[in-house]
Amino acid sequence: GKTVEIENIKFKGAKQSIASFVCDLKYNKLIKKGIILSTGDVTEAIFPNEAGNSGRENTTSGDKDLEAIANGKSFDAAVLEFDFTPFTDKISFNYIFASEEYPEYVNKGVNDVFAFFIKDIETGEMKNIALIPETDDPVSVDLVNSSNNSQYYIQNGTWDIHNIQKWKNDLPGGEIAYVFPFDGMTTKLSASYGVTPFKTYHFKIAISDIGDAVYDSWVLLEANSFISNGNIAIPDPNNIGKYFKETDITFLPETNTIELFSDIRFSTNSYELPKGSSTLLDSIVDVLKFTKYQLEIHGFTDDVGSDEFNKILSEKRAYSVAEYLIFKGIDASRIIAIGEGKVKSSDKDFTDSRAKNRKVKFVFK
């Protein structure tokens, strides 16, 4: 989604254990597209369910974090990891868990497991948020099935090409039996977690076989559903500093404002936005969209030219930045553009480089 920033993406597992997918069903509202992870081969997720159990052994290693949850030895782990920065105080995303362990191996000690681990990078605290709704119990073969939490479970029928009338009488069931080989799967579930806006976390999506490496399981992650959808809040200024990756950011506690001296450098006598400035400005757009801040844009010039000329030029520089933010959807009433004129040697942001003084400063209030 557009309300989180993601970086440092890594995958560990067999090459055939991850893919993107498209699945446009007619009679079932599940997940139309996204990323699929498997303890076997993801391409085996698109066949009719003609066998009671099937799978592929990848002969890859397991995952210690999953073993701690399942209390058993893991095999053929598929692990997708990345760092993310949320813009509000909550994140969520949608997924489906499916397995060939259903229904024969429920409570038989071969409970394939998956987890969505969120790790606070600062404290090292890690939590699994792949939980059964309204509980602290993890979603698994043993805990979501026809007997336990059955409202979140879909038992897949065996596809029978010789009994078409059966499927005509049950079009949703026939569709799933024809499209998916999984013997059982969850309904579309949502995982969510409370976070601190603009603070960076580590996220780990992991799935593995437990007890044996034969029968496979899958997790389907819905495209564009990983979002920060909580309350808009005033973030910690230190976290905003990390988000902008700026070294020259100052928090003024007496006025509860944040000053950001940008790396946008204008050409001589120009107020046209220089190339490359959109990266910083788009980050500012995100901050304004998901906080309550008002923004002041202060334009500056170097010390060449008359005071009157520089005053007008600095205003035009501030307004050119404001126009970009407004074009990107920020309400004009939240932005004030101010022309400061030329930078004076007594100013704290003065440098001996004229080029570095042709800039703008942002003040979040």
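Each remark here, short or long, concerns the structure printed above.
All of these numbers come straight from a predicted model, not from anything done at the bench.

Engineer: Can you help me understand the overall build of the chain in this one?
Structural biologist: Across its full length, the chain holds 7 helices and 18 strands. Of all 365 residues assigned to the chain, the portion counted as buried reaches 49%. Counting only carbon and sulfur atoms, one obtains 50% of the accessible surface of the chain, whose full area is about 17700 Å².

Engineer: Got a minute to help me understand helix α6 (residues 307–327) in this structure?
Structural biologist: Side chains of residues three or four places apart in an α-helix project in the same direction, reflecting 3.6 residues per turn. Taking 1.5 Å of rise per residue, the 21 residues of α6 would be expected to cover 30 Å, and the 30 Å separating its terminal C-alpha atoms lies within 8% of that figure. Within the sequence span of α6, burial applies to Asn310, Leu313, Ser314, Arg317, Ala318, Ser320, Val321, Ala322, Tyr324 and Leu325. Its buried side turned inward, α6 meets α5 (278–289), β16 (295–301), β17 (335–342) and β18 (360–364). Of the residues trailing α6, Gly329 is marked for its positive phi of about 110 degrees.

Engineer: Explain the environment of Ser270 here, please?
Structural biologist: Here Ser270 lies in the loop between β15 (257–261) and α5. Beyond its immediate stretch of four places on either side in the chain, Ser270 contacts Leu313 and Arg317.

Engineer: So what exactly am I meant to see when it comes to the packing of aromatic side chains here?
Structural biologist: The way to describe two aromatic rings as a pair is by their centre distance and the angle between their planes. For the structure on display, the rule yields 22 aromatic pairs. Seen from their ring centres, Phe82 and Phe226 are 5.7 Å apart, and the 75 degrees between their planes marks the pair as edge-to-face. Residue Phe82 is located in strand β4 (residues 74–86), and its partner Phe226 is located in the loop between β12 (217–222) and β13 (227–228); the two are separated by 144 residues in the primary sequence. Judged by relative accessible area, Phe226 falls into the buried class, the value being 11%. Look at Trp159 and Trp167: their rings are 5.4 Å apart centre to centre, the planes differ by 10 degrees, and that puts the pair in the stacked class. The class of Trp159 is buried, set by a relative accessible area of 16%. Linked through ring pairs, Phe82, Phe84, Phe93, Tyr95, Phe97, Phe114, Phe116, Tyr201, Phe203 and Phe226 together constitute an aromatic cluster.

Engineer: What exactly am I supposed to notice about the packing of α5 against α6 here?
Structural biologist: The axes of two packed helices give the description: the angle between them and the distance between them. Where α5 contacts α6, the two axes come as close as 10 Å, and the packing angle between them is 60 degrees. As far as their axial angle goes, α6 and α5 are oblique. Crossing of α5 against α6: the hand is right-handed. Between α5 and α6, the residues in contact are Ser278, Leu281, Asp282, Ile284, Val285 and Leu288 and Val321, Tyr324 and Leu325, respectively.

Engineer: Where do I start with the pattern of salt bridges in this structure?
Structural biologist: Side-chain pairs of opposite charge can arise whenever the charged atoms involved come near each other. Considering all chains together, one arrives at 9 salt bridges under this definition. For Lys204, the salt bridge goes to Asp63, with nearest N and O atoms at 2.8 Å. Within this pair, whereas Lys204 is found in strand β11 (residues 201–210), its partner Asp63 is found in the loop between β3 (33–38) and α1 (64–70), the two being separated by 141 residues in sequence. The class for Asp63 is buried, based on a relative accessible area of 10%. In this structure, Asp307 and Lys342 form a salt bridge, with 3.3 Å as the shortest nitrogen-oxygen distance. Within this pair, whereas Asp307 is found in helix α6, its partner Lys342 is found in strand β17, the two being separated by 35 residues in sequence. Taken together, the shared-partner salt bridges connect Asp63, Asp65 and Lys204 into one network.

Rules behind the numbers
All residue numbers refer to position in the chain's written sequence, counted from 1. Owing to the predicted nature of the model, reporting of local features is limited to residues with pLDDT of at least 70; listing and counting of side-chain atom pairs is limited to 80 or more, with chain, interface and lining totals taken over all residues. Side-chain numbers come from the whole structure's heavy atoms, not from hydrogens or water. Where helices and strands are cited, they refer to DSSP runs of H or I of at least four residues and of E of at least two residues respectively, numbered from the N terminus. Each residue gets one of three labels from its accessible area relative to the maximum for its type: buried under 20%, exposed over 50%, partly exposed in between, using a 1.4 Å probe on protein chains only. Using the Shrake-Rupley algorithm and a 1.4 Å probe, accessible areas are obtained, with residue cover drawn only from the displayed protein chains. An expected span of 1.5 Å times one less than the residue number is assigned to each helix. Between two residues, a contact is recorded if the distance between any of their heavy atoms is within 4.5 Å. Aromatic rings from Phe, Tyr and Trp, taking only the six-membered ring of Trp, are treated as a pair when their centres fall within 6.5 Å; an angle between ring planes under 30 degrees marks them as stacked, one over 60 as edge-to-face, and anything in between as tilted. The axes used here are C-alpha line fits, helices contributing only the stretch in contact, and every angle between their N-to-C directions lies in the interval 0 to 180 degrees. Each angle receives one of four descriptions, namely roughly parallel if under 35 degrees, roughly antiparallel if over 145, roughly perpendicular if within 65 to 115, and oblique otherwise. Handedness of a crossing follows from how the near helix is turned relative to the far one, being left-handed for an anticlockwise turn of less than a right angle and right-handed for a clockwise one. A pair is scored as a salt bridge if a Lys or Arg side-chain nitrogen falls within 4 Å of a carboxyl oxygen belonging to Asp or Glu.

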